[in-house]
Amino acid sequence: MRIRLASIPVQDQDKALKFYTEKLNFVEKRDIPIGDARWLTVVSPDEPDGVELVLEPNGEYPAMKALKAALVADGIPIMAFEVDDIHAEYARLRALGVEFTMEPTEAGPTTFAILDDTCGNLVQLYQITGDSV
């Protein structure tokens, strides 16, 4: 068994694709029309054959809207991405106008920050900064 897809619910696939490629530097992998939406995925440029992130349209699903609103209200990220240098990535993204709800913060062997993806989600960036064992 392998993990090949992970999904993140987005309000607008075009807006999400722009944010995830232009700001977070992911690369578009698949864009396949399926009815009113698309099977739209992005990947890390460092791992083009790695896990694909599906930019999943959350449409009019009341449960998804409620879940996303509750997570944002509580400050809980729906997804996390590992970075090599959290402080450099934070500075780069801030310069691009990305809004953060939490600046880089140390927590044990990890430093993390939380950003708003402009598509209804909070996303965590993290760096393992110490021995996690």
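Residues numbered from 1 in each chain as written. Predicted model: local features only at pLDDT ≥ 70, side-chain atom pairs only at ≥ 80, totals over all residues. Heavy atoms only, no water.

Novice: Is there a simple way to explain the sheet that holds strand 7 (residues 110-116) in this structure?
Specialist: Within a sheet, neighbouring strands are paired by backbone hydrogen bonds and run either parallel or antiparallel to one another. The strand order across the open sheet built from four strands is 5-8-7-6, with neighbouring strands paired in mixed fashion. The strands lining the two open edges of the sheet, one partner per strand, are strand 5 (79-82) and strand 6 (100-107). Strand-to-strand twist in this sheet, taken as the mean axis angle between neighbours without regard to direction, amounts to 20°. Bridge count for strand 5 against strand 8 (residues 122-128) is four bridges, and the pairing is parallel. From the neighbouring strand, Glu 82 faces strand 8, where its bridge partner is Tyr 126. Here helix 3 (residues 86-95) sits on the sheet in contact with strand 6, strand 7 and strand 8, set at roughly 170° to strand 6. (Pairing = 2+ DSSP bridges. Helix = DSSP H or I, 4+ residues; strand = E, 2+ residues; numbered from the N terminus. Axes fitted to C-alpha atoms, helices over the stretch in contact; angles between N-to-C directions. Contact = heavy atoms within 4.5 Å.)

Novice: Would you explain the layout of surface pockets in this entry?
Specialist: It is a probe the size of a water molecule, rolled over the atoms, that shows where empty space is left. The computed volume of the largest pocket comes to approximately 750 Å³. Elements with a contribution of two residues or more to the lining of the largest pocket: strand 3 (37-43), strand 4 (52-57), strand 5, helix 3 and strand 8. For the lining of the largest pocket, the leading source of residues is strand 5, giving four residues. Looking at the lining of the largest pocket residue by residue, the class counts come to 15 nonpolar, three polar and eight charged. (1 Å grid on protein atoms, 1.4 Å probe; cavity = no way out; pocket = protein on both sides within 12 Å on 5 of 7 lines; lining within 4 Å. Points joined across faces, edges and corners; volume = space filled by probe spheres on them. Nonpolar A, V, L, I, M, F, W, Y, C, P; charged D, E, K, R; others polar.)

Novice: Whenever I open this one, helix 2 (residues 62-74) confuses me. Can you help?
Specialist: Think of an α-helix as 3.6 residues a turn; residues three or four steps apart then line up on the same face. Spanning 13 residues, helix 2 covers 18 Å between terminal C-alpha atoms, matching the ideal 18 Å at 1.5 Å per step. Looking one or two residues past helix 2, Gly 75 carries a phi angle of roughly 75°, positive in sign. (Expected span 1.5 Å × (residues − 1).)

Novice: Can you help me understand the environment of Phe 26 in this one?
Specialist: Here Phe 26 lies in the loop between helix 1 (13-23) and strand 2 (27-34). Separated by 95 residues in sequence, Phe 26 and Asn 121 have C-alpha atoms that sit 17 Å apart. Apart from residues no more than four positions distant in its own chain, Phe 26 is found in contact with Tyr 20, Thr 21, Val 42, Val 43, Ser 44, Pro 45 and Phe 81.

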